[in-house]
Amino acid sequence: MKLKTIMAIGALAVLPLTAAAQLPQGGPGIAVAGSVSPTELPKKAQEFLSKYYPQQQCASLMKDFTDNEYELRMTDGTEITFFADGRIDEIEAPKGGILPLKVIKALLPEKSFRHLNDNSYLGMVNEIDYKANGYKVSLKTNAPDDITYSLAGDVVEIDY
């Protein structure tokens, strides 16, 4: 009797290992990003879009759960990454395009905007990327490629 019980317990102990070995490996894991509705964007982001891109529609919107950011691509190809509070982290014009002047003026300090205007670069801005210590403005030109500004709007670096 004891031998049968021990054998039965031994068989049950092996059963979970056998079942686990039969399960498919590499299951879905933890989601790090997923598609969300535009209504889930923070209010500040929705206000920005309705003010500066009222005619554009959302082509895709992903939420990055690890960085807590929203990555939006509009039907015209404009791509915008928003922080969880609705501030813009990065904005990029459609391929081969430039950002509208009113968007550039709204996003950059006045001093940066004046510098771009004074050097005839306003019609060449295709990307603005926010950094912890300022802004990186990419231009659709070969000289210069990028201009980095401080938070106050002073030129920090010009990359050719």
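Caption draft 1: Structural view of the pattern of salt bridges. With the rule as written, the count across this model stands at eight salt bridges. One salt bridge in this structure joins Glu 47 and Lys 43, with 4.0 Å as the shortest N-O distance. Here the residue Glu 47 and the residue Lys 43 both occupy positions in helix α2 (residues 43-52), the gap between them amounting to four residues, near one helical turn. Here Lys 43 falls in the exposed class, since its relative accessible area comes to 63%. Among the salt bridges present, the one from Lys 105 reaches Glu 110, with a minimum N-O distance of 3.8 Å. Of the residues examined, Glu 110 reaches a relative accessible area of 41% and is grouped as partly exposed. The network of salt bridges with shared partners includes Lys 105, Glu 110 and Arg 114.

Caption draft 2: Representation of the environment of Glu 40 in the model. If you trace the backbone, Glu 40 turns up in the loop between β1 (33-35) and α2. The exposure class of Glu 40 is partly exposed, given its relative accessible area of 45%. Sequence-wise, Glu 40 and Lys 63 are 23 residues apart; in three dimensions their C-alpha atoms are separated by 9.4 Å. Not counting residues up to four positions away in its chain, the partners in contact with Glu 40 are Gln 46 and Tyr 70.

Caption draft 3: Expanded view of a nonpolar patch on the surface. On the surface, a cluster of nonpolar side chains totalling about 300 Å² of accessible area is made up of Val 155, Ile 158 and Tyr 160. Ile 158 gets classed as partly exposed once you look at its relative accessible area, which sits at 33%.

Caption draft 4: A look at the confidence of the model for the protein chain. This prediction gives the protein chain a mean pLDDT of 84; 79% of its residues lie at or above 70. Below a pLDDT of 50 lies the segment residues 1-24, which in the model reaches one contact outside its immediate sequence neighbourhood of four places, other chains included.

Caption draft 5: Quick look at the nonpolar core. Counting residues in each nonpolar core, the largest one holds 33 residues, and the members touching the most others are Phe 48, Tyr 53, Phe 82, Ile 91, Leu 116 and Ile 128. Broken down by element, this core gets its largest block of residues, four residues, from α2. When near neighbours in sequence (up to four residues on either side) are disregarded, Phe 82 contacts Leu 41, Ala 45, Phe 48, Leu 49, Glu 69, Tyr 70, Leu 72, Arg 87, Ile 88 and Asp 89.

Caption draft 6: Representation of the pairing of strand β2 (residues 58-64). In this structure, β2 lies alongside strand β3 (residues 69-74), joined through six bridges in antiparallel fashion. Bridging from a neighbouring strand, Ser 60 pairs with Arg 73 of β3. Between β2 and the antiparallel strand that follows it, β3, lie four residues; Asn 68 among them carries a positive phi value of about 55°.

Conventions used here
Residues numbered from 1 in each chain as written. Predicted model: local features only at pLDDT ≥ 70, side-chain atom pairs only at ≥ 80, totals over all residues. Heavy atoms only, no water. Salt bridge = Lys/Arg side-chain N within 4 Å of Asp/Glu carboxyl O. Helix = DSSP H or I, 4+ residues; strand = E, 2+ residues; numbered from the N terminus. Buried < 20%, exposed > 50% of the residue type's maximum accessible area, 1.4 Å probe, protein only. Contact = heavy atoms within 4.5 Å. Patch = residues over 30% accessible without salt bridge, like charges linked within 9 Å, V, L, I, M, F, W, Y side chains within 5 Å. Areas by Shrake-Rupley, 256 points an atom, 1.4 Å probe, with all protein chains shown as cover. pLDDT = per-residue confidence, 0-100. Core = buried A, V, L, I, M, F, W, Y, C linked by side-chain atoms within 4.5 Å. Pairing = 2+ DSSP bridges.

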